[in-house]
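Take a look at the letters that make up each chain.
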Amino acid sequence: MDPAEQPELTLPPAEQMRQKRLAMLSRMGATSPSPTQSGGSSQPSSSTASTPRIASPPPTGESKQPPAEPVQRPSASSPAAKQTPSQTRLKKTAEGEAVPSPPAKKANANVREEPLEDWTDRVLGDAFRITLDPARTQTVDGRGVKTYLPNTADELQQGGEALKLTASNIDSAILEAASAQPVEKPLLNYLLPCFKRLVKIISSIRRPTPEKQAVLEEAKRLCMSNCIFAVTMPELFSREANPNHDTLVPYLLRHHDNEDGICLEFFDDAVARIKEDDTVAPVFADAMVQLSSKLATMSMNDDYKPYVNCLVTYARYPILLETLAQHPRFLVETTPEMTKEQLAISSETHTILGPFFRISPLQADVTKTYFANPRSIDRGHIQTSQSALQMSLKAHQGDLTSIINAFVRAGQTPKNRTLDWFAFVMNTNHKRRALHVDPKEVASDGFMVNITAILDQLCEPFMDATFSKIGKIDVDYLRRSPRVDMSDETKLNADQAASDAFYSKKADGASNFISEVFFLNLAAHHYGSEATNAKLKDLDREIKHLQKVEKEVSEQVRKLQGSPFQLNIAQRQLDRVNTVIDKTMALRFSIEGVLTDKSMQTLSLQFMRYVTVWLLRVASRSAYVPGQDLKLPLPAEQPDAFSCLPEYALQDVVDNFKFVLRFMPQIMISAVGDEIVALAITFLRSSEYIKNPYLKSSLVTVLFAGQFPMYHLSRGILGDILVGSGFANEYLLHALMKFYIECEHGTSTAFYDKFNIRYEIFQVIKTIWPNTVYKEQLDKESRTNRGFFVHFVSLLLSDATYLLDEAMTKLVKIHDYQKQLQDQTLSQEDREKIVTDLEQAEGQCQSFMQLVNETMAMMKLFTETLKDAFTMPEIVGRLANMLDYNLDTLVGPKRGNLKVEDARKYNFDAKTLLSDFIDIYVNLESKQPFIEAIAEDGRSYKPQNFEEATKILGTRSLKSPEELAVFDRLKQKVKSAKEIADQAELDLGEVPSDFEDPLLGTLMTDPVILPSNNIVDRSTIVQQLLANPLDPFTRSPMTINDVVPADDLRERIQAWKAERIAAVKAQASGDVMDTTSG
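Residues numbered from 1 in each chain as written. Predicted model: local features only at pLDDT ≥ 70, side-chain atom pairs only at ≥ 80, totals over all residues. Heavy atoms only, no water.

## Considering the nonpolar core
The cut-off we apply is this: Throughout this description, the term nonpolar core refers to a set of buried Ala, Val, Leu, Ile, Met, Phe, Trp, Tyr and Cys residues connected via side-chain atoms within 4.5 Å. When accessible area is computed with a 1.4 Å probe and restricted to protein chains, residues below 20% of their type maximum are described as buried, those above 50% as exposed, and intermediate ones as partly exposed. Here a helix means four or more residues in a row that DSSP labels H or I, a strand means two or more in a row labelled E, and each is numbered from the N terminus. Note on contacts: a residue pair qualifies if any of its non-hydrogen atoms lie within 4.5 Å across the two residues.
Within the largest apolar cluster, 311 residues are counted, with the highest numbers of intra-cluster contacts made by Phe-128 and Tyr-314. In terms of residue count, the dominant contributor to this core is helix α34 (residues 786–821) (17 residues). The residues contacting Tyr-314, other than those within four sequence positions of it, are Leu-252, Phe-267, Phe-284, Ala-285, Ala-287, Met-288, Leu-320, Leu-321 and Leu-324.

This is the structure:
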């Protein structure tokens, strides 16, 4: 071997080929044959350089002449010289066509096996569209034109070799052919079709000889090398670098079957040489970066599918994904100058994966495509468009899932870099959950929803129905420098200092993949799908506001018909408002369509079930799974691991269940078990585990929404579980009562929020009440937990009193407004003001009366079941006062003020409400403390009200004769008790001031000393503390346990009463004696 060639053996194959190319280019530049003369013959010349000539086929219609022979013609004695032109064509046809037409049988008999060198020359010439014979410039099938290669032919002639293409000279032939391509066209326009023709030839030959197989494989290898060189080293082909040409991008976007599209075989061959050629992988990586950058400017309305298909193809090759994952553009290249807003949106447009996740039906121009006229289409058309939208999104998310799964499985580096990318998206988009969000400062909804959906898919493998892998979700993940940044998030029940202290204690060990994906997905739901879900309410409010503005501007346009200039301004404003309304409504329908995709929400719900069970395990420090017992209340000492969790860990669950129950409850029938009921009951019963009152109230909302009737389920999705579950039977009622009390105090808006919460509690209680277990539970509470029960009933009575008073007040206002509007002399301005006030009063009255009706329903249920409990000394007086006061309102002299037009519009039915009050009276008729409490009600008890009520009940047939008889009996009992009470008051006479309650001015029976040293009756301070746990004199916090019995004073009061009663009896006895003696 030539010693000069020895060093080349140590070079990589690609470098060896490059060196060979450079030497070849030098020789081609020094001597090259002259251009071919017209007529087809060529004459070698070394004086001038020439380029290969592409000969055109003969014009159509001309007589076909035998092709011109090359300079070196065969001798006259050769077989070729003796054949006629027609015989020559016949032989060429027989030998040259891959699938020849059936020749005559006589001709077939003379066909011999084609020599290897002829076969090689023919096949390589057809594959690369090249020839060494200027007379043979057409492919055998006549559909292609071959390029004549004078330089290669000259080189072979000078070396005394046959003018045939072979495996040894095809490399120089490819170089010459590629170099001859027009500079304005990319080299791959020529080389890729060559490669695909070789692939087709290889696949079409049946059982090729080893020699032929070797020729084809070598040709394919060299073609691939030239493709890579064309992109990485265009100077080898005497070209300047050109970014528009030196790239795979346009060819990757074309279908595999296209002649100049990159096929899978090309990928296979390229990937196979990556380990020995370090230029291949960067070529593909750079192409994908370019594709991603182009996709970042597109939407789902554009032809985005080829871009996605390309990345899906990449995903078949782990080594390509590993190179992509290590590319600088895979993650955001942050700089100190970047703002938080720039960081938030950078993942979507400035990373490799971002633009692929950005494609969504929620892109602005896409929403207008699906909902072009949102105000004029009916619900059926909306649902049809949403179904079409879901199909497009489902297909796209399927591609994204396969891509991400491939990255995760491609190796440790791609997996970690992919998780880093997901984490960066979450950590820079916390602002998506702010109260007021500028869409330009955060990642888009479509992008974030896709992120959430794909992370749900990553979690699916470990979310089995038996929760067998839930133990692998490691809560210590958050103490091992987690990818998810939650440092600025509100915690479930810890302040910032406590949270920082807990997480500063790092946990040992390494986190597993399940934990990584679990916490990433938890964050994705918070900043992604749930943030988009919350946007629905905002859009509804915005649409309502815009429609109001549209109405106002339309009125202005109507009034300005006589003023063209102002009319033009108003009309433009109206057009802008209409455009914004259309855009907002289209987005709202699109978001609803995306979020109500059945398969996506089913998987999301499955993930939330896992979160639910995991939270219960962490809080209870147990191995709880559905079907196992959970002991309540939870331990008094709360686990720090639970308290320091981000609040959204529970918020995500609640919001997701609320959304599904509202929009698509049907998917919950088979997707939800006991765990959601266990979650709600657990954290309502142990509500001290959660700091946020709104989050706790959301648990009630879940139970409330879960009992709406649906399909064959008369008690809803959760109703049967609430009624029949042993866990619910044991803990639900106490949990609801506890939170009924707890929601009394809270934020500035809690006063109004509490009524909505209590309304939902009432609905849940009505659902479970048919089960006698709950009646027994309530009776047990009244006997064993007296203070708790009294507090609950006291608040129930307070609500009834307040709501009835507010509702009746609003009815009186409505009555007055309606009467005023009958005045035809009112000015337009006054009439509009009254109408506005009327609408406001109507809205408030509707809300109050709805709550009144539910409160009365609860009191009817409770008083029917627990007569003794509702006649406790702490309760019975307030109950009687409330009933008497409202009976006076309904049947008293001023009841005419409650008459309004269309009363049912306000949920007000005077007859039904009166009947409810009478039911409570009748329920407690047998209890003497109740009778006495009515009789002692000096403010509202009026015998004539009871008589009027009897009259109304009888004439309107509101009660049965049996019920009326019980009510009449109650009236007589009260009348007798009243007479006795009045006489007792006369008998006692003036009460000493020391014996009077300083707050109520009544005689004390059980005086107690407060922490402020003031003395009041025990029943008075009990009622006071139920409403407000403060000392009424100093406003200092206190409880009933802080009072001290005033035993001396009580004994003095009892002695005084005994003395007064004895004196009255003695006097009465003396009067009788005197009369007798007289």
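That was the structure; now back to the text.
## Quick word on the packing of aromatic side chains
Short version of the rule: Pairing of aromatic side chains requires ring centres within 6.5 Å, counting the rings of Phe and Tyr and the six-membered ring of Trp. Pairs whose planes differ by under 30 degrees are stacked, by over 60 edge-to-face, and all others tilted. As a reminder, the over-ring test applies to NZ of lysine and CZ of arginine, requiring each to be within 6 Å of the ring centre and within 35 degrees of the ring normal.
What the rule picks out here adds up to 41 aromatic pairs. Judged by centre distance (6.5 Å) and plane angle (50°), the rings of Phe-266 and Phe-284 are tilted. With Phe-266 in helix α11 (residues 264–272) and Phe-284 in helix α12 (residues 280–295), this pair connects stretches of sequence that are 18 residues apart. The two residues Phe-266 and Phe-284 agree in class, both being buried. With a centroid separation of 5.5 Å and 85° between ring planes, the pair formed by Phe-519 and Trp-614 is classed as edge-to-face. Taken as a pair, Phe-519 in helix α22 (residues 513–527) and Trp-614 in helix α25 (residues 598–620) lie far apart in primary sequence, 95 residues in all. Grouped by ring-pair contacts, the aromatic residues Tyr-740, Phe-762, Trp-769, Phe-789, Phe-792, Phe-862 and Phe-870 constitute a single cluster. Above the ring of Tyr-740, the side-chain terminus of Arg-758 is found at 4.2 Å from the ring centroid.

## Here's the deal with the pattern of salt bridges
Our working rule: Only one rule defines a salt bridge in this text: a Lys or Arg side-chain nitrogen within 4 Å of an Asp or Glu carboxyl oxygen.
Under the defined criterion, the tally for this structure stands at 53 salt bridges. Between Glu-675 and Arg-609 there is a salt bridge, with the nearest N and O atoms lying 2.7 Å from each other. Of this pair, Glu-675 sits in helix α28 (residues 675–685) while Arg-609 sits in helix α25, placing them 66 residues apart in sequence. A single burial state applies to Glu-675 and to Arg-609, both of which are buried. The residue Asp-837 makes a salt bridge to Lys-833 at a minimum N-O spacing of 3.1 Å. Of this pair, Asp-837 and Lys-833 both sit in helix α35 (residues 828–865), four residues apart, which is roughly one turn of the helix.

## Observations concerning the side chain of Glu-516
Looking at where Glu-516 falls in the secondary structure, it is placed in helix α22. If sequence neighbours within four positions are ignored, Glu-516 has contacts with Leu-419, Tyr-477 and Arg-483.

## Focus on the UniProt feature "coiled-coil region" (unreviewed entry) in the protein chain
As a reminder, the rule being used: UniProt positions are given in the numbering used here, feature names are shortened, and annotations may be inferred rather than shown by experiment.
Look at the UniProt record and you will see "coiled-coil region" (unreviewed entry) annotated at residues 529–556. As a span, residues 529–556 carries 100% helix and 0% strand, and end to end its C-alpha atoms are 40 Å apart.

## Thoughts on the state of the cysteines
Note the following rule: By definition, disulfides here are pairs of cysteine sulfur atoms that lie within 2.5 Å.
Summed over all chains, the structure comprises zero disulfides. Considering cysteine sulfurs only, Cys-223 is the nearest to Cys-194, which forms no disulfide, with 5.4 Å between them.

## Concerning the packing of α22 against helix α27 (residues 648–663)
Let me state the cut-off plainly: Here the axes come from fitting lines to C-alpha atoms, over the contacting stretch only for helices, and the angles between their N-to-C directions go from 0 to 180 degrees. Between 65 and 115 degrees an angle is taken as roughly perpendicular, under 35 as roughly parallel, over 145 as roughly antiparallel, and anywhere else as oblique. Crossings are sorted by hand: turned counterclockwise from the far helix by less than a right angle, the near helix makes the crossing left-handed, and turned clockwise it makes it right-handed. Classification used: nonpolar for Ala, Val, Leu, Ile, Met, Phe, Trp, Tyr, Cys and Pro, charged for Asp, Glu, Lys and Arg, polar for all others including Gly.
Between α22 and α27, the least distance of the axes is 9 Å, while the angle of their chain directions is 60°. The angle between the axes of α22 and α27 places the two elements in the oblique class. Relative to α27, α22 is oriented so that their crossing is left-handed. Between α22, through Leu-522, Ala-523, His-525, His-526 and Tyr-527, and α27, the contact on the second element is made entirely by Tyr-648, Ala-649 and Asp-652. Of the residues assigned to the contact of α22 with α27, the class counts are five nonpolar, two polar and one charged.

## A look at the environment of Ile-205
Position of Ile-205 relative to the elements: it lies in the loop between α8 (188–204) and α9 (210–232). Each residue touching Ile-205, except ones within four places of it in the same chain, is listed here: Trp-119 and Leu-216.

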